[in-house]
Structures are given as structure tokens and as C-alpha cells.
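An overview of the molecular structure
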Amino acid sequence: MKCSKCNRDAVTYIRYAGINLCREHFLSFIDRKVKREIREQVHFKKDDRILIAVSGGKDSMLTLYLLSKIFGNWEELEIMAVTVDEGIGDFRKNCAKIAHEFSSSLNIEHRVISFKDYIGITTDEVARVDKELKPCTYCGVFRRKVLNQYAKEIRANYLVLGLNLDDIAQSIIMNITRGDVARLARLAPHKKIKKGFVPRIIPLRRVLEEEVRLYVKLANIPYYRGRCPYALLAIRDEYREFLNNLERRDPAVKFSILKFFDEIKPFVEEKYAKELQACKICGEPTTGEICKACQLKMRFEKLSKGDQRHSAPRG
């Protein structure tokens, strides 16, 4: 199998485009997609500070690598990286070690922040106390809050997330099947800057997960291969399998879902647009009086008190 662009051996066949690509042409193919996506999402200004959320997994490590490759020599921009430790045994500590070493090799400042420091709760504690809600419910909400808080602390202009096309398509379908149009309207990327909320950028928005996997392999980008021990509890895996089955019949289905979302987003944004207000408890931006993170924290604290009463020895 030869590359459609040259006579070298191909490393992959891009089904949705109908082309074979060698190593060099595949890497440049992805590079161009990412550059085009960044241009569509944002126009950086002089002295902008960009914060990249780096979990240590393949998607965020590729995002870190590509932003360094594209903007590393721009003296007008400052790139920083952060890893959120959710408090899941040693899982994220192992991820953070790889993220820190790779960030250092790219001359990018990297820091680790934690749920414990910002929220006062770890995901392991949540899993032990709340037997009804999945740990992922807490984790996703807390992570968004912590990242926004930290981004504001360091005065970042943009927060970059390492989500790929598979992630985005899954989120779109999940919100549609739940009938949650308001949350659908709030999906990143965010072009409108709202008070108290650092806008998100998603460079890998049109890059498939299998393309991410091949890129990091060909470019020798390190990443942590382990999976979160709570991942099997998440319903997202069912949506992943559903979309992958559809993709076997229609290789462009995930792109079609994204195109559909982009077409309707201006209309749902207009209908469900709400001015953000400060949470009465923590001050973070929210559409209601109390943000979801504080609601979950109150739920956890209430359950914790009940758990302590049940486990207390009787005199």
C-alpha cells in the first residue's frame, strides 16, 4: 500500500477521505487540521496566556505537543500546563509524572493542582460515601470548576482541553438522548467570553481517537497508558461503542454529528443563553443560584454525616 501523495509506504488508510498516507504526510495531515481548527476557534492577541489541561493521557499529551510545535516560538504568547489530581489512588500521580517530564522537555511550565486543595474532597472519598451517583458525576463537575478557578488565578486568557472528535461526538449524542438542550448549548469551544468563565479551546476537535493514537506512536510522544479505575462505571463507554459501530458502516458519521451540532449551535445558544451569575457559596459563575459543584459538595457532606452516624460505635 503506497501513499496517495508520494511513492512511500503508507502507514494508514483514511477511510472518510479515501486516501493512503505515509508517516510524513499523515503527520502533516493532522497538523493542518489542528491549525485550521485553532484559527476557527480563536484569534490570539499579544501577551495572551494559554493554559493547557494535561491529564497525561494520549489526547492531552498530543495537544501539549502540537501547541508547543505551533506556538512554541511565539514570544507574544505564554503557554502553561496543569494537571488536576482528582484523588484516585496513585492513578493521577503516575499520569502527572509523565506530564511534568514531557512539559519540561518542551520548556513549558507545569503544575499539579488537586480536588483536595480546591474542593476538600477526593474522588476516592466520593466513591466510598455516595453509593447512588457515579464518581464520574462528581469528577467531571469538580474538574471543570477547579480548572476554571486555577485559570483565573494565573490570569489565563484561554483554557485548552485535549478532547478529540470521538469525545465531542459522544457528548453531543449523550445530551441529545437526555434531552438536555441547555447543556448542549454550553459545549465547548466557547467564542463568547462570559464574566468569570475562562473560554475553552479544543484543538483536536476534528481528530479521531484512532488518529491521535497513531500520531503519538509515530511522533514518539510519551503518555500514560493506564485507565482510570472508575471509567468502567461511566455510561460514556456505551455511547463510544454505539458510535464506533456506526462508524464501521459510515466512516464519516462522527464528522456528520459534529457538522449537525455546529449548524444548530447558534440557535440553541440564542434560546438557552443565560447570563452567568456568581454562585452564592463559592462565587464561581453559574446559571442558577448555587453551582453544580457546590450542590454536589453539599450532597457529599450530608451523606458523610449519615455515614459517620451509622458507623459510630454504640455505647
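Because the structure is a prediction, the values reported are computed rather than measured.

About the cut-offs
- Residues numbered from 1 in each chain as written.
- Predicted model: local features only at pLDDT ≥ 70, side-chain atom pairs only at ≥ 80, totals over all residues.
- Heavy atoms only, no water.
- Pairing = 2+ DSSP bridges.
- Helix = DSSP H or I, 4+ residues; strand = E, 2+ residues; numbered from the N terminus.
- Right-handed = clockwise from strand over helix to strand, strands pointing away.
- 1 Å grid on protein atoms, 1.4 Å probe; cavity = no way out; pocket = protein on both sides within 12 Å on 5 of 7 lines; lining within 4 Å.
- Points joined across faces, edges and corners; volume = space filled by probe spheres on them.
- Axes fitted to C-alpha atoms, helices over the stretch in contact; angles between N-to-C directions.
- Parallel < 35°, antiparallel > 145°, perpendicular 65-115°, else oblique.
- Contact = heavy atoms within 4.5 Å.
- Nonpolar A, V, L, I, M, F, W, Y, C, P; charged D, E, K, R; others polar.
- Phe/Tyr/Trp six-rings, centres within 6.5 Å; stacked < 30°, edge-to-face > 60°.
- Buried < 20%, exposed > 50% of the residue type's maximum accessible area, 1.4 Å probe, protein only.
- Lys NZ or Arg CZ within 6 Å of the ring centre and 35° of its normal.
- Expected span 1.5 Å × (residues − 1).

With that settled, consider the pairing of strand β5 (residues 109-114). Note: strand β4 (residues 78-85) against β5, six bridges, orientation parallel. Its bridge partner being in β5, Thr83 is matched across the sheet by Val112. The parallel pair β4 and β5, bridged by helix α3 (residues 91-105), forms a crossover whose chirality is right-handed.

Taken as a whole, the second largest pocket encloses approximately 210 Å³ of empty space. Along the walls of the second largest pocket sit 14 residues, with Tyr13, Arg15, Leu208, Glu210 and Glu247 positioned nearest its centre. Put simply, the parts of the chain that give the lining of the second largest pocket at least two residues each are β1 (12-14), α9 (209-218) and α10 (236-249).

Further remarks concern the packing of helix α2 (residues 58-71) against α3. Between α2 and α3, the shortest axis-to-axis distance is 11 Å and the interhelical angle comes to 10 degrees. On the basis of the axis angle, α2 is roughly parallel to α3. Side by side, α2 and α3 meet where Met61, Leu64 and Tyr65 of the first sit next to Ile98, Ala99, Phe102 and Ser103 of the second. Of the residues in the contact of α2 with α3, the class split is six nonpolar, one polar and no charged.

Let's shift gears to the packing of aromatic side chains. Each pair of aromatic rings is reported with the distance of its centres and the angle of its planes. Overall, the coordinates contain nine aromatic pairs when judged by the stated rule. Ring plane angle 90 degrees and centroid distance 5.2 Å describe the contact between Phe44 and Phe71, whose orientation is recorded as edge-to-face. Of this pair, Phe44 sits in the loop between α1 (23-41) and β3 (49-53) while Phe71 sits in helix α2, and the two are 27 residues apart along the sequence. With centroids separated by 5.5 Å and ring planes inclined at 80 degrees, the aromatic side chains of Phe44 and Tyr158 adopt a geometry described as edge-to-face. One end of the pair, Phe44, is in the loop between α1 and β3; the other, Tyr158, is in strand β6 (residues 158-160), with 114 residues separating them in the sequence. Of the two residues, Phe44 and Tyr158, neither departs from the other in class, the shared state being buried. Grouping aromatic residues by their ring pairs yields a cluster made of Phe44, Phe71, Trp74 and Tyr158. The ring of Tyr223 is capped by Arg225, whose NZ or CZ atom sits 4.3 Å from the centre of that ring.

The subject of this paragraph is unusual backbone geometry. Cis geometry marks the peptide bond from Ala188 to Pro189; its omega dihedral reads 10 degrees. Relative to the helices and strands, Pro189 resides in the loop between α8 (181-185) and β7 (200-201). The backbone of Asn107 shows a phi angle near 60 degrees, a positive value even though the residue is not glycine. Along the chain, Asn107 turns up in the loop between α3 and β5. Judged by relative accessible area, Asn107 falls into the exposed class, the value being 73%. The backbone phi angle of Asn220 is positive, close to 55 degrees, even though this residue is not glycine.

Across the eight residues of β4, seven count as buried, placing the element largely inside the fold. As paired elements, β3 and β4 share five bridges and run parallel to each other. Across the sheet, residue Ala53 finds its bridge partner in β4, namely Val82. On the question of chirality, the crossover connecting β3 to the parallel β4 by way of α2 is right-handed.

Under the 1.5 Å per step criterion, the end-to-end length of helix α6 (residues 135-153) is 27 Å for 19 residues, consistent within 8% with the ideal 27 Å. Immediately beyond the C-terminal end of α6, within one or two residues, lies Arg155, with a positive phi of roughly 60 degrees.

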